[in-house]
Amino acid sequence: MIRFILHIGYPKTGTTSLQKFLCEHRSYLIKRHKILYPKTALDKASFSHFLIPASIQINRLDITHSLVQQMLREIDDTEAKTVVLSSEFLIYPNLLKPFLTVLNSSVKTFPINSLEIVVYLRRQDLFLESTYKQDVKEEEVHSPISSYNWIPMLLYYDRFLYQLKQLLDETIDKKIKTTIIPRPIPPRERFNTVADFIENVLQSVPSSEIKAKLNQYKENPSLSCESTLALRRFNQCFSFSPRNVLSDLLRNVDSKRKNILRYLYSTQQRIEILAKYEKSNIKFFKEWISSSNLFTLSLSEIDQFKLHDEFVKANHKKIEEEIELRYKILEKFAKNVTGAKMVPQKFT
């Protein structure tokens, strides 16, 4: 019988590091432990099974069905006992439900006895700060972080997990045991998603076998706060592609400059965000983790963030100079490289 594990994110929770690890150690995992990270539907650029949600997004369920059938053949050929599929795009219910429906219809004659959905969760202020940086970098977001809201319904974790349970009940045959495994990331501890997944989800792989390799898989490098704010300012005025060129340029600047800002949110903004999700977090931890709410601000954190607030006020001029320096570098580079391809944007 086959254990099927579906890892769906969230984004910015060490997802890419985990996907890269599973992808680059496919041979080791299948040969030593009969754990398959399928080649089917694998997007080599992202190390994830992006082709599945991509086919659903363009309303090609025939492609989705074909991919699932191909994946089942791969499982059969490799004699896998555990299968891990990963895509953070399956966090969205409108993409996850069709996939579960196709999967269920395809495995009726296949010996899958359990389906486990694994989802990593971060404290909302930390999550939003990280996704804001990502969206400024990749999606041309130009609004200030104070008005940034990602997808609010997905940040009420208790409601999200309840909806996930409903989707499983609606789509998966009762003969298949379904389990949801939420993994909250401790906000005040160092956390390695790869190590956690191996030790607490897979469990069958001794971490001692791959301990030396775990440190190779770290979070994607983020831009400094100064570079993020410079790029946001750039996004207000211009549309530029490819985006990764700008990110690489800013990382080079960051490596040579002293970055002053540590955070984008003020202390008060964090307090307000966590107050918004407090009831949801209390319910989530009580019902799913059997603990008190861990997604809170400690007194030491509040003191730390307040000191940063004071530092920002005292060094406002220097911070603005750093942002402007980076903006000018971006503007000059873009004009010299792309000329007419850079299209000015007008925003109200």
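Residues numbered from 1 in each chain as written. Predicted model: local features only at pLDDT ≥ 70, side-chain atom pairs only at ≥ 80, totals over all residues. Heavy atoms only, no water.

Caption draft 1: Spotlight on empty space enclosed by the protein. In total, this model carries two cavities of 30 Å³ or more according to the counting rule given. In this structure, the largest cavity spans a volume of roughly 60 Å³. Forming the walls of the largest cavity are Lys12, Ser130, Lys133, Gln134, Lys137, Pro221, Ser222, Leu223 and Thr228. Across the lining of the largest cavity, the residue classes break down as two nonpolar, four polar and three charged. (1 Å grid on protein atoms, 1.4 Å probe; cavity = no way out; pocket = protein on both sides within 12 Å on 5 of 7 lines; lining within 4 Å. Points joined across faces, edges and corners; volume = space filled by probe spheres on them. Nonpolar A, V, L, I, M, F, W, Y, C, P; charged D, E, K, R; others polar.)

Caption draft 2: Representation of the packing of helix 4 (residues 61-78) against helix 5 (residues 93-106). Where helix 4 meets helix 5, the axes come as close as 10 Å, and the angle between the chain directions of the two elements is 50°. Viewed along their axes, helix 4 and helix 5 adopt a mutual orientation that is oblique. When you trace helix 4 past helix 5, the crossing you get is right-handed. Contacts between helix 4 and helix 5 involve Leu61, Thr64, His65, Val68, Gln69, Met71 and Leu72 from the first element and Pro98, Phe99, Val102, Leu103, Ser105 and Ser106 from the second. (Axes fitted to C-alpha atoms, helices over the stretch in contact; angles between N-to-C directions. Helix = DSSP H or I, 4+ residues; strand = E, 2+ residues; numbered from the N terminus. Parallel < 35°, antiparallel > 145°, perpendicular 65-115°, else oblique. Left-handed = near helix turned anticlockwise from the far one by under 90°. Contact = heavy atoms within 4.5 Å.)

Caption draft 3: Spotlight on the sheet that holds strand 5 (residues 177-184). A sheet is described by the order of its strands in space; here five strands give the open sequence 2-3-1-4-5, paired in parallel fashion. Sheet topology places strand 2 (35-36) and strand 5 at the edges, where each strand pairs with a single neighbour. Bridging between strand 2 and strand 3 (residues 82-86) involves two bridges; their strand directions are parallel. From the neighbouring strand, Leu36 faces strand 3, where its bridge partner is Val83. (Pairing = 2+ DSSP bridges.)

Caption draft 4: Molecular detail of the pattern of salt bridges. Applying the stated criterion across every chain yields a total of 22 salt bridges. The salt bridge partner of Asp125 is Arg123, with a shortest N-O separation of 2.7 Å. Overall, Asp125 belongs to the buried group, its relative accessible area being 0%. For Arg123, a relative accessible area of 1% puts it in the buried group. Two residues, Glu129 and Arg270, come together in a salt bridge whose shortest N-O distance is 2.9 Å. With Glu129 in helix 6 (residues 124-138) and Arg270 in helix 12 (residues 267-276), the pair connects residues that are 141 residues apart, well separated along the chain. Exposure remark for Glu129: the relative accessible area of 9% places this residue in the buried category. (Salt bridge = Lys/Arg side-chain N within 4 Å of Asp/Glu carboxyl O. Buried < 20%, exposed > 50% of the residue type's maximum accessible area, 1.4 Å probe, protein only.)

Caption draft 5: Spotlight on the nonpolar core. Judged by nonpolar contacts, the single largest core of 76 residues is most densely connected at Leu6, Tyr10 and Phe99. In this structure Tyr10 touches Thr15, Ile91, Val119, Tyr120, Leu121, Phe127, Trp150, Leu154, Tyr157 and Phe160, once residues within four positions along its chain are discounted. (Core = buried A, V, L, I, M, F, W, Y, C linked by side-chain atoms within 4.5 Å.)

Caption draft 6: Quick peek at the pairing of strand 3. Of all five residues making up strand 3, five are buried, and the element is well covered by its neighbours. Burial along strand 3 is two-sided: Thr82, Val84 and Ser86 facing one way and Val83 and Leu85 facing the other are all buried. The pairing of strand 1 (residues 2-7) with strand 3 spans five bridges and is parallel. What sits directly across from His7, in strand 3, is Ser86.

Caption draft 7: Inspection of the pairing of strand 1 at higher detail. Counting buried positions along strand 1 gives six out of six residues, so the element sits mostly inside the fold. Burial of strand 1 is two-sided: the residues Ile2, Phe4 and Leu6 facing one way and the residues Arg3, Ile5 and His7 facing the other way are all buried. As judged from the six bridges shared by strand 1 and strand 4 (residues 112-121), these two strands associate in the parallel manner. Directly across from His7, in strand 4, lies its bridge partner Val118.

Caption draft 8: How the structure looks around helix 6. With 15 residues, helix 6 should cover 21 Å at 1.5 Å per step; its first-to-last C-alpha distance of 20 Å lies within 8% of that length. The buried fraction of helix 6 amounts to 14 of the 15 residues, a majority that puts the element mostly inside the structure. In the segment just after helix 6, Glu140 is the residue with positive phi, at about 60°. (Expected span 1.5 Å × (residues − 1).)

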